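So the chains spell out like this:
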Amino acid sequence: MELSTILRPECTTCATPGSKKKVLELISDLAAVQYPTLSSQEIFESLLAREKMGSTGIGNGIAIPHGRLTNIEQPVAVLVKCAEPIAFDAIDNQPVDILFALLVPADQCEQHLSTLAAMAEKLNDKAIIKQLRKTQDESELYQVITQ
């Protein structure tokens, strides 16, 4: 799957959220604005429910928050680069500055897992992460992640 099919440029942002809760709210708000069938609160609750099962911070300053929603037909992604790393209860106990959030239809478990795996693999590439951290704005951030 081409990343550009699930990640819109408008869902890519550089921000200073300050906390795990605030960044999950930011992700929820960005997705809800771009996809009117989704409510910000519903997205936030889905992401929060997943975080309660265990942090989606995968280490090296990266997190892949994700959730399942009943009222979408295609996966939706949001990319956030934090100006200042935030505490995220990551597996390596390091703060997070790159978050790739994924929202998927509740009935597409197989696609959900394969998309998560593909994203984790891409974010495991040290060269890509280095480029993402060097980006200066949303446009550049989007170009690096979708190339």
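Model, not experiment: these values are computed from the prediction.

Caption draft 1: Expanded view of the nonpolar core. Formed by 47 residues in total, the largest nonpolar core has its most connected members in L7, L123 and L132. The dominant element in this core, judged by the number of residues it contributes, is strand β6 (residues 96-105), at eight residues. If we ignore the near neighbours within four places in the chain, the residues touching L132 are K81, I98, L123, L141, V144 and I145.

Caption draft 2: The pattern of salt bridges, seen in detail. In total, this model carries four salt bridges according to the counting rule given. As a salt-bridge pair, K20 and E51 come within 3.0 Å of each other at their nearest N and O atoms. Of this pair, K20 sits in helix α1 (residues 20-34) while E51 sits in helix α2 (residues 40-53); the two residues are 31 residues apart in sequence, bridging distant segments of the chain. When sorted by exposure, K20 lands in the same class as E51, which is buried. For D89, the salt bridge is made with K20, and the minimal N-O distance between the two is 3.5 Å. With D89 in the loop between β5 (76-86) and β6 and K20 in helix α1, this pair connects stretches of sequence that are 69 residues apart. Exposure remark for D89: the relative accessible area of 58% places this residue in the exposed category. For K20, a relative accessible area of 16% gives the class buried. Members of the salt-bridge network, linked through shared partners, are K20, E51 and D89.

Caption draft 3: Region of interest: the side chain of T56. Along the chain, the position of T56 falls in the loop between α2 and β2 (57-59). Here T56 falls in the buried class, since its relative accessible area comes to 4%. Residues contacting T56, with those up to four places away along its chain left out, are R50, E51, I62, A63, I64, P65, H66 and F88.

Caption draft 4: The arrangement of unusual backbone geometry in detail. The phi dihedral of N60 falls on the positive side, at around 60°, and the residue is not glycine. Within the secondary structure, N60 is located in the loop between β2 and β3 (62-63). Non-glycine residue D89 carries a positive phi angle of around 55°.

Cut-offs and rules
Residues numbered from 1 in each chain as written. Predicted model: local features only at pLDDT ≥ 70, side-chain atom pairs only at ≥ 80, totals over all residues. Heavy atoms only, no water. Core = buried A, V, L, I, M, F, W, Y, C linked by side-chain atoms within 4.5 Å. Buried < 20%, exposed > 50% of the residue type's maximum accessible area, 1.4 Å probe, protein only. Helix = DSSP H or I, 4+ residues; strand = E, 2+ residues; numbered from the N terminus. Contact = heavy atoms within 4.5 Å. Salt bridge = Lys/Arg side-chain N within 4 Å of Asp/Glu carboxyl O.

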